[in-house]
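Chain by chain, the residues:
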Amino acid sequence: MRSATVLLGNYLIGLREGLEAALVVSILIAYLVRTGNRGALAPVWAGIGLAVALSAGFGIALSAASSDMQFKTQELFGGTLSIVAVGLVTWMVFWMRKAARGIKAELEGRLEGALDVGPFALAVVAFMAVGREGLETALFLWTNISNSTEDSTQPIIGAVLGLVTAIVLGYLLYRGGLKLNLKAFFTWTGGALIVVAAGVFGYGFHDLQEAGVLPGLNAVVLEPATFFAEFGRAGQWAQTIFQGVLNVTPKITWLQLTMWVAYVVPVMYLFLRPARARAVGADRERAPAKS
């Protein structure tokens, strides 16, 4: 069960991030096909391939660099990158919600200008559009996988399955065989990703405590295994879900808990607030005027 929740969390990351990249690719390819520029597909695919290779290489380089470090240096490295990754993913979640409607026009505008310049410009547009998503995905997946207490194959399998699903959905959207409410999709997955990011954020500060940079490593507020053991078999299930979904350590420090709350409460509020505000405004407009 714990493995399933770890796999699900990384599946969500791979799906959410992968679908964004798949949408970008489908927009680029559809525009070239629609405008009769099939000959320009080769440099675009070259740029996309280079972006994917760079993202994969970035993830491999992070793993190789961290494996050669001593424990405290590794924790400092991992903790710092965890916090950076959460910052990038948080920016991406808000940016995608805001830019989802205009991203097609923006990409097509860049591609139209690149067509006038030449093949190299087309490759650069594709590389930049996909590379940003790929590097963010590689960094966030690496931090989530490196923080996992499970066998590393479980989170990797989850991430790969998510990316494969995203590619299939992107292809179906491109072919017109699937109608997906992207606004609702990115809202629900964005909220879930914020919860996952909160766990990575708290874990990052826990790593900095283990590195000796921050104090309070022994100031433990909760040990999930001890707490849930009092509830018998049901407690084991609850512990698995708790640690898998929230991505917390076996020993949760006060600082880790504080930073988890300090992240998830304001970020989730800001992410969901616009939708609630529009609903309130609509209710007021429908309300009968007082005489």
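Preceding this section is the structure that the text describes.
Quantities reported herein were computed from a predicted structural model and do not represent experimental measurements.

**Let's talk about the packing of aromatic side chains**
- Here the structure, examined in full by the defined rule, presents four aromatic pairs.
- Taking the centre distance of 5.7 Å and the plane angle of 70° together, the rings of Phe 77 and Trp 142 count as edge-to-face. Of the two residues, Phe 77 sits in helix α3 (residues 71–99) while Trp 142 sits in helix α5 (residues 119–147), which places them 65 residues apart along the sequence.
- For the ring pair Phe 94 and Phe 271, a centre distance of 5.7 Å and an interplane angle of 90° mean the geometry is edge-to-face. Placement of Phe 94 in helix α3 and of Phe 271 in helix α10 (residues 254–286) is noted, with a sequence separation of 177 residues between them.
- Aromatic ring contacts, followed pair by pair, group Phe 201, Phe 205 and Tyr 263 into a single cluster.

**Let's talk about the nonpolar core**
- Counting 28 residues, the largest nonpolar core has Val 86, Phe 140, Leu 193, Ile 194 and Tyr 263 as its most contacted members.
- Only α1 (2–34), α3, α5, α7 (182–210) and α10 provide two or more residues apiece to this core.
- Considering every element that reaches this core, the biggest residue donor is α7, with eight residues.
- Residues within four places of Tyr 263 in sequence aside, it is in contact with Val 86, Thr 90, Ile 194, Ala 197, Ala 198 and Phe 201.
- Listed in part, the 21 residues of the second largest apolar core include Ile 29, Leu 32, Ala 114 and Ala 126.

**Let's talk about a nonpolar patch on the surface**
- A contiguous nonpolar surface patch, about 590 Å² in accessible area, is contributed by Ile 156, Val 160, Val 164, Val 168, Tyr 171, Leu 172 and Tyr 174.
- Tracing the chain through its elements places Tyr 174 in helix α6 (residues 153–175).
- Judged by its relative accessible area of 30%, Tyr 174 is partly exposed.

Criteria and thresholds
- Residues numbered from 1 in each chain as written.
- Predicted model: local features only at pLDDT ≥ 70, side-chain atom pairs only at ≥ 80, totals over all residues.
- Heavy atoms only, no water.
- Phe/Tyr/Trp six-rings, centres within 6.5 Å; stacked < 30°, edge-to-face > 60°.
- Helix = DSSP H or I, 4+ residues; strand = E, 2+ residues; numbered from the N terminus.
- Core = buried A, V, L, I, M, F, W, Y, C linked by side-chain atoms within 4.5 Å.
- Buried < 20%, exposed > 50% of the residue type's maximum accessible area, 1.4 Å probe, protein only.
- Contact = heavy atoms within 4.5 Å.
- Patch = residues over 30% accessible without salt bridge, like charges linked within 9 Å, V, L, I, M, F, W, Y side chains within 5 Å.
- Areas by Shrake-Rupley, 256 points an atom, 1.4 Å probe, with all protein chains shown as cover.
- Salt bridge = Lys/Arg side-chain N within 4 Å of Asp/Glu carboxyl O.

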